[in-house]
Amino acid sequence: MSSQSNSKAVTLTTLLDLKARGEKFSCLTAYDACFATILSEAGVEVLLVGDSLGMVLQGHDSTLPVTMADMIYHTECVKRGNRGALIMSDLPFMSYASETQTLENAASLMRAGAHMVKLEGGAWIANTTRLLAERGIPVCAHMGLTPQSVNRIGGFHVQGRNTEQAEMIIEEAQLLQDAGASTLLLECVPRALGKKITDSLNIPVIGIGAGPDTSGQIMVLHDVLGVSPITPKFVKNFLTDSDNGIPGAIEGYVNSVKNLTFPSDDHCFN
Ligand code: KIV
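Residues numbered from 1 in each chain as written. Predicted model: local features only at pLDDT ≥ 70, side-chain atom pairs only at ≥ 80, totals over all residues. Heavy atoms only, no water.

Colleague: Even after reading the chapter, I still don't get the overall build of the protein, so can you show me in this structure?
Modeller: A count of helices and strands for the protein gives 11 helices and 8 strands. The C-alpha radius of gyration of the protein comes to 17 Å, within 12% of the 18 Å expected for a compact globule of 270 residues. Judged by the C-alpha coordinates and their principal axes, the protein covers about 45 × 40 × 40 Å. A total of about 11,600 Å² of accessible surface is found on the protein, and carbon and sulfur atoms cover 52% of it. Of note, the protein has its 19 positive side-chain charges centred 4 Å away from the centre of its 28 negative side-chain charges. (Helix = DSSP H or I, 4+ residues; strand = E, 2+ residues; numbered from the N terminus. Rg over C-alpha atoms; globule rule 2.2 N^0.38 Å. Areas by Shrake-Rupley, 256 points an atom, 1.4 Å probe, with all protein chains shown as cover. Lys, Arg positive; Asp, Glu negative; His and termini not counted. Charge placed at Lys NZ, Arg CZ, Asp CG, Glu CD.)

Structure below.
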């Protein structure tokens, strides 16, 4: 059964309901049909076709070389394998630099099978978020560590460690919610900041390296399976404890997010 005809398909309303009930949800990156089936059948609520594919699939040292053609191709693959998860696709580096570009590129991702698009930034993406939301395209605003800005940030570092930076992220998160963002993704921020932002917003907040208090958790698939060359602090390999190979590892991840055993203190920035 395709995701379109599955009556139990995950929608934004599902994520809002889970947040309202205080139940955590799980998200993972997916780049192909085979893993999209395994992940969605294991109960992963959101599949992110992430521009991290530039690093984990293509071997680049950043996400900057990823193109719209790459994102459309992988979104189409994930759509074919998906069994009811919500598909979120990244607008890659420089694909939302002007209004015309943004609308054309976001529409292409939605036509390829995305249910929501993700873009990186703070206050400067508020108008873009509004532009898309008003035209029926749900937006996930990616804040904290934003890998497309790695050259400006000066590396893949934890963000919001000092009060001034933390206050700016809180303010801009509110601004993006007001502009119409449907979800927020928070990457690599201290645990206390992850909690503060999640508590202050109505929309679901998805965390990676942002502590256990966000509404949902997201990980890069290759990290969960322990096949990435580097292991940041917030990463856990779920394959080592699995007694059913890859499907068991994914179920372990989903269950650990739901029963609050992942992320633990070891995976948090304090
Ligand atoms: O592209 C991606 O995989 C991401 C995750 C790191 C959240 O944005």
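Colleague: When you look at the site of the ligand in this model, what are you seeing that I'm missing?
Modeller: Surrounding the ligand, one finds T29, L48, G50, D51, S52, D90, K118, H142, L185, E187 and I208. At a separation of 3.1 Å, an oxygen atom of the ligand approaches a polar side-chain atom of D90. One of the side-chain nitrogen or oxygen atoms of K118 is found 2.8 Å away from an oxygen atom of the ligand. Residue composition of the shell around the ligand, grouped by class: 3 nonpolar, 4 polar and 4 charged. (Near = heavy atom within 4 Å. Polar contact = N/O pair within 3.5 Å; in protein donor to acceptor, adjacent residues only side chain to side chain. Nonpolar A, V, L, I, M, F, W, Y, C, P; charged D, E, K, R; others polar.)

Colleague: What is the right way to read the packing of aromatic side chains from this model?
Modeller: Two descriptors summarise a pair of aromatic rings, namely the distance from one centre to the other and the angle between the planes of the rings. Applying the stated criterion across every chain, the model contains 5 aromatic pairs. Here the aromatic rings of F238 and Y253 are separated by 5.6 Å at their centres, their planes lie at 75 degrees, and the arrangement is edge-to-face. With F238 in the loop between α10 (221-224) and α11 (245-258) and Y253 in helix α11, the pair connects residues that are 15 residues apart, well separated along the chain. One exposure class covers both F238 and Y253, and it is buried. Ring pairs connect the aromatic residues F238, Y253 and F262, which therefore count as one cluster. (Phe/Tyr/Trp six-rings, centres within 6.5 Å; stacked < 30°, edge-to-face > 60°. Buried < 20%, exposed > 50% of the residue type's maximum accessible area, 1.4 Å probe, protein only.)

Colleague: Looking at this model, I keep getting lost on the environment of K233. Mind explaining?
Modeller: Along the chain, K233 falls in the loop between α10 and α11. When the C-alpha atoms of K233 and K79 are compared, they prove to be 31 Å apart, with 154 residues separating the residues in sequence. When sequence neighbours within four positions are dropped, the list of residues in contact with K233 reads D265, D266, H267, C268 and F269. (Contact = heavy atoms within 4.5 Å.)

Colleague: Looking at this structure, I do not really get the pairing of strand β1 (residues 25-29). What am I missing?
Modeller: Counting buried positions over the 5 residues of β1 gives 5, a clear majority of the element. Burial along β1 is two-sided: the residues F25, C27 and T29 and S26 and L28 are all buried. Of the pairings in the sheet, the one linking β1 to strand β8 (residues 216-219) comprises 4 bridges and is parallel in character. Residue pairing across strands places F25 opposite G216, the latter belonging to β8. Sheet analysis places β1 next to strand β2 (residues 46-49), joined by 3 bridges and oriented parallel. (Pairing = 2+ DSSP bridges.)

Colleague: Quick question: what am I supposed to make of the side chain of T214 here?
Modeller: Of note, T214 is situated in the loop between β7 (205-208) and β8. For T214, a relative accessible area of 0% corresponds to the buried category. Within polar-contact distance, the side chain of T214 engages the backbone oxygen of G216 at 2.9 Å. Contact partners of T214, with chain neighbours within four places excluded, come to K24, G194, T198, V205, I206 and G207.

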